[in-house]
Amino acid sequence: MELLSRMAVAGLDTVRDEAPLVGIVLFFQIVVLRRRLANTGRVVVGFVYVTIGLALFLIGLEQALFPLGKTMAAQLTDPAFLGIPDGAVAHWLDYGWIYVFAAAIGFGTTIAEPSLLAVAEKAGSVSGGTIKPWGLRIAVAIGVAIGVGLGAVRIVLGLPIHYLIMVGYAIVIVQTLFATRRIIPLAYDSGGVTTSTVTVPLVAALGLGLAANVPGRSPLIDGFGLIAFASVFPIIAVLGYAQLSSALQAARKRRLQRGVL
């Protein structure tokens, strides 16, 4: 009964949240375009599927993903696990496993991110195969792993986030000046697709759990910000991946030319 009640509440909340989008689509379809909605039956069925899926997803966030991130952060920062005597202050290097876990979570959730899969497949088809979907996904996942890992270090040390983010975007700007034009928009979009359904819940819960369990850290001030790191570092990784690929291709061409000569 409790589960059914939560599903009903989540379903009503989902319908309420979807109402503005549905209203906008119907307004433009009926008032602006003055045409009937094509395939009305399929649209209605699809709307029902989306509502049920989002409701179940919200329940899953509440019941599993958020508690999982907080629990793992609490366990990995437990003084007993770290081997720290009672009353002693842990050094930032003592939290090594939390950095590894943060990077692994960033990598794993990004590989499983449906939005990244869609963007990678579209990029591969539009580019005629010059952009490899799997290579793009790996590059983005590595960027997220580095970003979330560094974000965890920031939380433990209590560093101000704005300086680190400014440095990150400064690197992006420099890379953009030297990158090929066709990869720049894709790289910037790759930073956005990482902040989606799978990555955000676990990473956000990890940040809040870490800030709540590290002495002297505030969940409100230090717990948030991991998503920002998960957005900027994929851009750096994709631009770097493209620049490295271009450099390797140029070196291969030079070797072939030397072989011909």
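Above: the structure in question.
My aim in this report is to walk through the structure given alongside it, one point at a time. (Residues numbered from 1 in each chain as written. Predicted model: local features only at pLDDT ≥ 70, side-chain atom pairs only at ≥ 80, totals over all residues. Heavy atoms only, no water.)

### Details of the overall build of the protein chain
- Summing up its helical and strand segments, the protein chain has ten helices and zero strands in all.
- Sequence-ordered secondary structure for the protein chain, helices as α and strands as β, is α-α-α-α-α-α-α-α-α-α.
- Its C-alpha atoms put the protein chain at 70 × 60 × 25 Å along the principal axes.
- For the protein chain, with 261 residues in total, the buried portion stands at 35%.
- Summarising the internal contacts of the protein chain: among those between residues at least 6 apart in sequence, 80% fall at separations of at least 24. (Helix = DSSP H or I, 4+ residues; strand = E, 2+ residues; numbered from the N terminus. Buried < 20%, exposed > 50% of the residue type's maximum accessible area, 1.4 Å probe, protein only. Contact = heavy atoms within 4.5 Å.)

### Some words on the packing of aromatic side chains
- One pass over the structure, following the stated rule, counts three aromatic pairs.
- Relative to Phe-28, the ring of Phe-27 has its centre 5.6 Å away and its plane inclined at 90°; by these criteria the two rings are edge-to-face.
- Under the relative-accessibility criterion, Phe-28 is labelled partly exposed at 44%.
- Between Trp-92 and Tyr-99, the aromatic rings sit 6.4 Å apart at their centres with planes inclined by 45°, giving tilted as the arrangement.
- Judged by its relative accessible area of 35%, Trp-92 falls in the partly exposed class. (Phe/Tyr/Trp six-rings, centres within 6.5 Å; stacked < 30°, edge-to-face > 60°.)

### Quick notes on the packing of helix H5 (residues 114–126) against helix H6 (residues 133–157)
- Where H5 contacts H6, the two axes come as close as 8 Å, and the packing angle between them is 140°. In this view, H5 runs oblique relative to H6, as classed from their interaxial angle. In terms of crossing hand, the pair formed by H5 and H6 is right-handed. When H5 is examined against H6, the residues Leu-116, Leu-117, Ala-120, Glu-121, Ala-123 and Gly-124 are found in contact with a partner set consisting of Pro-133, Leu-136, Arg-137 and Val-140. (Axes fitted to C-alpha atoms, helices over the stretch in contact; angles between N-to-C directions. Parallel < 35°, antiparallel > 145°, perpendicular 65-115°, else oblique. Left-handed = near helix turned anticlockwise from the far one by under 90°.)

### Quick look at the side chain of Glu-113
- Within the secondary structure layout, Glu-113 lies in the loop between helix H4 (96–111) and H5.
- Setting aside residues no more than four positions away along its own chain, Glu-113 makes contact with Val-193, Thr-194, Ser-196, Thr-197, Val-198 and Thr-199.

### Describing the pattern of salt bridges
- Enumeration according to the criterion identifies two salt bridges in this entry.
- Of the charged contacts in the structure, one is a salt bridge between Asp-13 and Arg-16, with a shortest N-O distance of 3.8 Å. Here Arg-16 and Asp-13 lie together in helix H1 (residues 2–32), a separation of three residues that amounts to about one turn.
- A salt bridge links Arg-16 to Asp-17, with the shortest nitrogen-to-oxygen separation between them at 3.5 Å. Across the pair, exposure class does not vary: Arg-16 and Asp-17 are exposed alike. (Salt bridge = Lys/Arg side-chain N within 4 Å of Asp/Glu carboxyl O.)

### Considering the nonpolar core
- Judged by nonpolar contacts, the single largest core of 46 residues is most densely connected at Ile-183, Leu-210 and Leu-239.
- Within the residue set of this core, elements represented by two or more residues are helix H2 (40–76), H4, H5, H6, helix H7 (161–178), helix H8 (184–193), helix H9 (199–213) and helix H10 (226–260).
- Looking at this core element by element, the count peaks at ten residues for H10.
- Residues contacting Ile-183, with those up to four places away along its chain left out, are Ile-131, Val-238, Leu-239 and Ala-242. (Core = buried A, V, L, I, M, F, W, Y, C linked by side-chain atoms within 4.5 Å.)

### Brief notes about unusual backbone geometry
- A positive phi angle is found at Arg-34, which is not glycine, with a value near 60°.
- Relative to the elements of secondary structure, Arg-34 occurs in the loop between H1 and H2.
- The exposed category is assigned to Arg-34, whose relative accessible area is 72%.

### Notes on a positive patch on the surface
- Taken together, the side chains of Arg-252, Arg-254, Arg-255 and Arg-258 define a basic patch exposed on the protein surface.
- Tracing the backbone shows Arg-254 in helix H10.
- Exposure remark for Arg-254: the relative accessible area of 43% places this residue in the partly exposed category. (Patch = residues over 30% accessible without salt bridge, like charges linked within 9 Å, V, L, I, M, F, W, Y side chains within 5 Å. Areas by Shrake-Rupley, 256 points an atom, 1.4 Å probe, with all protein chains shown as cover. Lys, Arg positive; Asp, Glu negative; His and termini not counted. Charge placed at Lys NZ, Arg CZ, Asp CG, Glu CD.)

### Focus: the side chain of Ser-190
- Within the secondary structure layout, Ser-190 lies in helix H8.
- Contacts of Ser-190, omitting those with residues within four sequence positions, involve Leu-136, Val-140, Pro-234 and Val-238.

### Things to note about the packing of H2 against H4
- With their axes 9 Å apart at the nearest point, H2 and H4 run at an angle of 155° to one another. Between H2 and H4, the angle falls in the class roughly antiparallel. Along its contact with H2, which presents Met-72, Ala-73 and Leu-76, the element H4 presents Trp-97, Ile-98 and Phe-101.
- Split into classes, the residues belonging to the contact of H2 with H4 amount to six nonpolar, no polar and no charged. (Nonpolar A, V, L, I, M, F, W, Y, C, P; charged D, E, K, R; others polar.)

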